[in-house]
Amino acid sequence: MQISKDMLIGELVQMHEAVAPMLMKAGMHCLGCPSAQSESLEEACMVHGIDCETLVSNMNQVLAAL
């Protein structure tokens, strides 16, 4: 399972139970918002001022270890 910045938030939270807590820890507390579900991870990172490449890399490392 590999995450990319082009994936939609809605897809990501359904991938694995560990994804939502990782996104919330990064500062994305609006995962349940209808508009967030159709945003890409890259778009959500821009809105929240988060470095997307770093987040994707960290999330993929965590998921690879599970």
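Residues numbered from 1 in each chain as written. Predicted model: local features only at pLDDT ≥ 70, side-chain atom pairs only at ≥ 80, totals over all residues. Heavy atoms only, no water.

A. Structural detail: the nonpolar core. Core analysis: the largest hydrophobic core is formed by 18 residues, its most contacted members being Ile3, Ile9, Val19, Leu23, Met28, Leu41 and Leu55. Among the elements that line this core, the one with the most residues is helix α5 (residues 52-65), at five residues. Those residues in contact with Ile3 that lie beyond four places of it in its chain are Leu12, Met15, Val19, Leu41, Val56, Met59, Asn60 and Leu63. (Core = buried A, V, L, I, M, F, W, Y, C linked by side-chain atoms within 4.5 Å. Buried < 20%, exposed > 50% of the residue type's maximum accessible area, 1.4 Å probe, protein only. Helix = DSSP H or I, 4+ residues; strand = E, 2+ residues; numbered from the N terminus. Contact = heavy atoms within 4.5 Å.)

B. Just helix α2 (residues 19-26), in detail. Buried residues of α2: Val19, Met22 and Leu23, and no others. What you see down the axis of α2 is that its buried residues fit within an arc of 95°, all on one side. Two residues or fewer after α2 comes Gly27, characterised by a positive phi angle close to 115°. (Arc of directions from axis to C-beta.)

C. Highlighting the side chain of Asn60. Turning to its location among the elements, Asn60 is positioned in helix α5. Contacts of Asn60, omitting those with residues within four sequence positions, involve Met1, Gln2 and Ile3.

D. Expanded view of the pattern of salt bridges. For the coordinates displayed, the defined rule picks out two salt bridges. Across the pair Glu53 and Lys5 runs a salt bridge, and its minimum N-O distance is 3.3 Å. Here Glu53, found in helix α5, pairs with Lys5, found in the segment before α1 (9-15); they are 48 residues apart in sequence, far enough to count as distant. Several salt bridges share partner residues, and in doing so they unite Lys5, Glu42 and Glu53 into one network. (Salt bridge = Lys/Arg side-chain N within 4 Å of Asp/Glu carboxyl O.)

E. Inspection of the packing of helix α4 (residues 41-48) against α5 at higher detail. Between α4 and α5, the least distance of the axes is 9 Å, while the angle of their chain directions is 125°. When the interaxial angle is binned, α4 and α5 end up oblique. Seen from above, α4 lies across α5 with right-handed handedness. Side by side, α4 and α5 meet where Leu41, Glu42 and Cys45 of the first sit next to Cys52, Leu55 and Val56 of the second. In the contact of α4 with α5, the residues fall into five nonpolar, no polar and one charged. (Axes fitted to C-alpha atoms, helices over the stretch in contact; angles between N-to-C directions. Parallel < 35°, antiparallel > 145°, perpendicular 65-115°, else oblique. Left-handed = near helix turned anticlockwise from the far one by under 90°. Nonpolar A, V, L, I, M, F, W, Y, C, P; charged D, E, K, R; others polar.)

F. Fine view of the environment of Asp51. Along the chain, the position of Asp51 falls in the loop between α4 and α5. Taking the C-alpha atoms as reference points, Asp51 and Ala26, separated by 25 residues in sequence, lie 9.7 Å from one another. Polar side-chain contacts of Asp51 include one of 3.1 Å to the backbone nitrogen of Glu53. A distance of 2.8 Å separates the side chain of Asp51 from the backbone nitrogen of Thr54, its partner in a polar contact. (Polar contact = N/O pair within 3.5 Å; in protein donor to acceptor, adjacent residues only side chain to side chain.)

Remember that the coordinates give geometry; whether it matters functionally is a separate question.
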